[in-house]
Amino acid sequence: MTLPNGKHPVIRTRDLTKDLPLGKTVVHALRGVDMEIFAGEMVGIVGPSGSGKSTLLGLIGGLDTPTHGTIEIDGVNITRMNEDQLTEIRNEKIGFIFQFFNLIPTLTALENVVLPIQFARKARFSPEKRAKELLDLLGLKDRMKHRPSELSGGQQQRVAIARALANNPPLLLADEPTGNLDSESGVLVLDALREIRANAGTTVVIVTHDRALAEKTDRVMTLVDGQIVH
Ligand SMILES: Nc1ncnc2c1ncn2[C@@H]1O[C@H](COP(=O)(O)OP(=O)(O)O)[C@@H](O)[C@H]1O
Ligand SMILES: [Mg+2]
């Protein structure tokens, strides 16, 4: 499906359902989510704690598989893919950003960004050149040789964004990317994501419980109790 303006859904879910076992009971984490997110959009997903935001992002990102329903990424149905196939989709198409940055503490900022480029073993980019360009774009030119412990939270998150973009994925998924930052650093991180979207056309999905932040995206989806309510 392509719209007249050339936009196509990068993410499309139908009746997306996830039940999680909890002791002898079941948690209905997602209860039939239908949604589309289009190429180049920046979408915020908000909702109370426990409403299923992380579960939804994990399914979209191929980190988990649904109980029922379907997920298409870039026109490809990933619903029944095995672990190897999902790994390939993740490496090819998706960059992840998490609340706690998850940088490798013994590596410098530059090395943290170089790593996934080397790992992809594609001659598309010179790893070091690409990593430097990204860190420069994210305002970290003079912090490349620093280790994570020598950087502020906001700087660490921007390194994590550079790392997520290392292989130029069409889709960036961020789970509470500003959840561990003061509001000023949070605004800088959001600005960085906006700039990435403007420069590379990357589709960006941001899970946040910060309404003010979500209001700065193109479109906000609200999850309540495993369903999109608005
Ligand atoms: N591994 C798990 N096992 C059992 N229940 C889980 C697990 N992960 C999340 N849940 C439950 O699923 C629901 C949705 O969780 P989650 O997607 O993490 O919500 P959010 O990110 O919106 O806070 C919650 O009720 C949560 O307690
Ligand atoms: Mg969560």
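That block above? That's the structure.
Residues numbered from 1 in each chain as written. Chains lettered and ligands numbered in written order. Predicted model: local features only at pLDDT ≥ 70, side-chain atom pairs only at ≥ 80, totals over all residues.

**Q** How should the site of ligand 1 be read in this particular structure?
**A** Around ligand 1, the neighbouring residues are Leu20, Leu22, Val27, Ala29, Gly47, Ser49, Gly50, Ser51, Gly52, Lys53, Ser54 and Thr55. Within the residue set of the shell around ligand 1, elements represented by two or more residues are strand 1 (9-22), strand 2 (25-38) and helix 1 (53-60). Partitioning the shell around ligand 1 into residue classes produces four nonpolar, seven polar and one charged. (Near = placed C-beta within 6 Å. Helix = DSSP H or I, 4+ residues; strand = E, 2+ residues; numbered from the N terminus. Nonpolar A, V, L, I, M, F, W, Y, C, P; charged D, E, K, R; others polar.)

**Q** For this particular structure, what's the right way to read the nonpolar core?
**A** Nonpolar side chains tend to gather and get buried jointly when the protein is soluble and globular. Counting residues in hydrophobic clusters, the biggest one holds 59 residues, and the most contacted among them are Val113, Leu135, Ile161, Ala162, Leu173 and Val205. Every residue in contact with Leu173, bar those within four places of it in the chain, is listed here: Leu57, Ile60, Gly61, Ile94, Phe96 and Val205. (Core = buried A, V, L, I, M, F, W, Y, C linked by C-beta atoms within 7 Å. Buried ≥ 20, exposed ≤ 12 C-beta atoms within 10 Å, placed from the backbone. Contact = placed C-beta atoms within 7 Å.)

**Q** For this particular structure, what's the right way to read the packing of helix 3 (residues 109-120) against helix 4 (residues 127-137)?
**A** In a pair of packed helices, the angle between the axes and the distance between the axes together describe the arrangement. Two numbers describe how helix 3 lies on helix 4: the axes approach to 9 Å, and their chain directions differ by 130°. Viewed along their axes, helix 3 and helix 4 adopt a mutual orientation that is oblique. Pair helix 3 / helix 4 crosses with right-handed handedness. Here Ala109, Leu110, Val113, Val114, Ile117 and Gln118 of helix 3 come into contact with helix 4, specifically with Pro127, Glu128, Arg130, Ala131, Lys132, Leu134 and Leu135. Grouping the constituent residues of the contact of helix 3 with helix 4 by class yields nine nonpolar, one polar and three charged. (Axes fitted to C-alpha atoms, helices over the stretch in contact; angles between N-to-C directions. Parallel < 35°, antiparallel > 145°, perpendicular 65-115°, else oblique. Left-handed = near helix turned anticlockwise from the far one by under 90°.)

**Q** Looking at this structure, I do not really get unusual backbone geometry. What am I missing?
**A** Most peptide bonds adopt trans geometry, and most residues besides glycine take a negative phi value. Phi at Asn102 takes a positive value of approximately 55°, unusual for a residue other than glycine. Within the fold, Asn102 resides in the loop between strand 6 (94-97) and helix 3. Its identity as a non-glycine residue notwithstanding, Asn168 has a phi of 55°, on the positive side.

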